[in-house]
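What follows is the residue order along each chain.
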Amino acid sequence: MRKNIVAGNWKMNNDLKATKKLVKQIRKSIKKTDLKGTRVIVAPTFVNLITAVKGSKKSKLEVAAQNMHQANNGAFTGEVSAEMLKSVGVKTVILGHSERRAYFGETDALLAEKVNTALAHKLEVIFCFGEELADRKAGKEEAVVESQIKNALFHLEANAYKNIVLAYEPVWAIGTGETASPEQAQDMHAFIRKTLADTYGSEIADSISILYGGSVKPANAKEIFGKPDVDGGLIGGASLNANDFHAIVTAF
Ligand code: PGA
């Protein structure tokens, strides 16, 4: 059965000292909590992954990377490979975040390659996608989401999905303070699950965790996570504060 997940995407925030501190705070707060099976993940920037992995040892806190390169190794100055992530104890990678798509030109085709590489190295993938405001205004949000998922993932065999988590993040809700309503999130998540079921069958579709991302805060997490097809959240801004993050982790 699918798991509830709360993942903090720290983006380009938190230096070494701040990473140590926040990891320690989160570790401490989840130790005292009945997580009811909820997985808790943080994704610091590359240079602080080792510190975060060390700081979360022997705790329930997991560490993910925010990105990786599609090639196994080679002359790609400034890039980080799947093997490198594995070698420092990272088991999960976020791919396809809208900021990577918008600012770094990541396309569906490139993301399909990255997904393949990550899975080949036995990394779990948190795959992000979501429509822009103009798409939603034009009533095209389902078509956009469907094509993003199909283009990057639907070449995969069914058994690959045990290592994939989906994160629906409407671009208009990321970092804007504007959240999709719980109903909008539920409608889209149900659509995503149906799209998966149509191709891979309901067993796969029902077993995959689908996270919502976009201005999730302590004040709205409970309502959003309360929807049947929402299995947690990918949290940006609110994941930088230990108390806010903990309130979201315990919102189920
Ligand atoms: P936000 O970011 O929570 O700050 O809106 C979410 C994300 O980008 O994953």
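These numbers come from a predicted model, not from an experiment.

(A) Structural detail: the layout of surface pockets. Looking at the largest pocket, its volume works out to about 380 Å³. In terms of lining, the largest pocket is formed by 14 residues, of which the most central are Lys11, Met12, Gln66, Arg100 and Phe104. The leading source of residues in the lining of the largest pocket is helix α4 (residues 98–103), at three residues. For the lining of the largest pocket, the residue count by class is six nonpolar, five polar and three charged.

(B) Structural view of the side chain of arginine 2. Tracing the sequence through the fold places arginine 2 in the segment before β1 (5–9). By relative accessible area, which is 19% here, arginine 2 ends up buried. From its side chain, arginine 2 meets the backbone oxygen of proline 228 in a polar contact 3.0 Å long. A polar contact of 2.7 Å, which involves the side chain of arginine 2, links it to the side chain of aspartate 231. Discounting chain neighbours no more than four positions away, the residues touching arginine 2 are Arg193, Asp206, Ser207, Ile208, Ser209, Pro228, Asp229 and Asp231.

(C) Representation of helix α1 (residues 16–31) within the structure. Look at α1: 22 Å from first C-alpha to last across 16 residues, which is about the 22 Å you get at 1.5 Å a residue. Residues Thr19, Leu22, Val23, Ile26, Ser29 and Ile30 constitute the buried set of α1. Projected down its long axis, α1 carries its buried residues within an arc of 135°, all on one side. Along α1, exposed side chains directed more than 90 degrees from the buried face belong to Lys17, Lys21, Lys24, Lys28 and Lys31.

(D) Local environment of the site of the ligand. Lining the immediate surroundings of the ligand are 13 residues, of which Lys11, His97, Glu169, Gly175 and Ser215 lie closest. Measuring from an oxygen atom of the ligand, one finds a side-chain N or O atom of histidine 97 at 2.6 Å. Take serine 215: an N or O atom from its main chain is 2.7 Å from an oxygen atom of the ligand. For the ligand, whose unbound accessible area comes to 280 Å², protein coverage reaches 94%. Within the shell around the ligand, the residues separate by chemical class into four nonpolar, seven polar and two charged.

(E) Fine view of unusual backbone geometry. If you check the backbone angles, lysine 36 has positive phi at about 50° while not being a glycine. Along the chain, the position of lysine 36 falls in the loop between α1 and β2 (39–43). Positive phi, close to 55°, is recorded for lysine 58, a residue that is not glycine. On the basis of relative accessible area, lysine 58 is assigned to the exposed category, the value being 85%.

(F) Structural detail: empty space enclosed by the protein. Under the criterion given, the structure shown has one cavity of 30 Å³ or more. Gly96, His97, Ser98, Arg101, Cys128, Phe129, Gly130, Glu169 and Val171 together form the lining of the largest cavity. Only α4 and β5 (124–129) provide two or more residues apiece to the lining of the largest cavity. Partitioned by chemical class, the residues of the lining of the largest cavity number three nonpolar, four polar and two charged.

(G) View of the packing of helix α10 (residues 218–225) against helix α11 (residues 242–249). Look at α10 against α11: their axes get within 8 Å of each other, and the N-to-C directions meet at 15°. With respect to α11, the axis of α10 lies roughly parallel. In the packing of α10 onto α11, the handedness of the crossing is right-handed. Together, Pro218, Ala221 and Phe225 of α10 and Asp244, Ala247 and Ile248 of α11 make up the contact between the two elements. In the contact of α10 with α11, the residues fall into five nonpolar, no polar and one charged.

(H) Region of interest: a positive patch on the surface. Taken together, the side chains of Lys20, Lys54, Lys57, Lys58, Lys86, Lys91, Lys122 and Lys162 present a region of like positive charge at the surface. Note that lysine 162 resides in the loop between α7 (141–153) and β6 (164–168).

(I) Highlighting the sheet that holds strand β8 (residues 232–235). Taken together, the eight strands give a closed barrel; going around it, the order is β1-β2-β3-β4-β5-β6-β7-β8, and neighbouring strands pair in parallel fashion. Taking each pair of neighbouring strands and ignoring which way they run, the sheet shows an average axis angle of 25°. Relative to β6, β5 runs parallel, the two sharing five bridges. Within β6, the position partnered with isoleucine 126 by the bridge is valine 165. Relative to the sheet, α7 contacts β5 and β6, its axis offset from that of β5 by approximately 150°. Those strands touched by α11 are β1, β2 and β8, and its axis lies near 155° from that of β1.

Conventions we followed
- Residues numbered from 1 in each chain as written.
- Predicted model: local features only at pLDDT ≥ 70, side-chain atom pairs only at ≥ 80, totals over all residues.
- Heavy atoms only, no water.
- 1 Å grid on protein atoms, 1.4 Å probe; cavity = no way out; pocket = protein on both sides within 12 Å on 5 of 7 lines; lining within 4 Å.
- Points joined across faces, edges and corners; volume = space filled by probe spheres on them.
- Helix = DSSP H or I, 4+ residues; strand = E, 2+ residues; numbered from the N terminus.
- Nonpolar A, V, L, I, M, F, W, Y, C, P; charged D, E, K, R; others polar.
- Buried < 20%, exposed > 50% of the residue type's maximum accessible area, 1.4 Å probe, protein only.
- Polar contact = N/O pair within 3.5 Å; in protein donor to acceptor, adjacent residues only side chain to side chain.
- Contact = heavy atoms within 4.5 Å.
- Expected span 1.5 Å × (residues − 1).
- Arc of directions from axis to C-beta.
- Near = heavy atom within 4 Å.
- Areas by Shrake-Rupley, 256 points an atom, 1.4 Å probe, with all protein chains shown as cover.
- Axes fitted to C-alpha atoms, helices over the stretch in contact; angles between N-to-C directions.
- Parallel < 35°, antiparallel > 145°, perpendicular 65-115°, else oblique.
- Left-handed = near helix turned anticlockwise from the far one by under 90°.
- Patch = residues over 30% accessible without salt bridge, like charges linked within 9 Å, V, L, I, M, F, W, Y side chains within 5 Å.
- Salt bridge = Lys/Arg side-chain N within 4 Å of Asp/Glu carboxyl O.
- Lys, Arg positive; Asp, Glu negative; His and termini not counted.
- Charge placed at Lys NZ, Arg CZ, Asp CG, Glu CD.
- Pairing = 2+ DSSP bridges.

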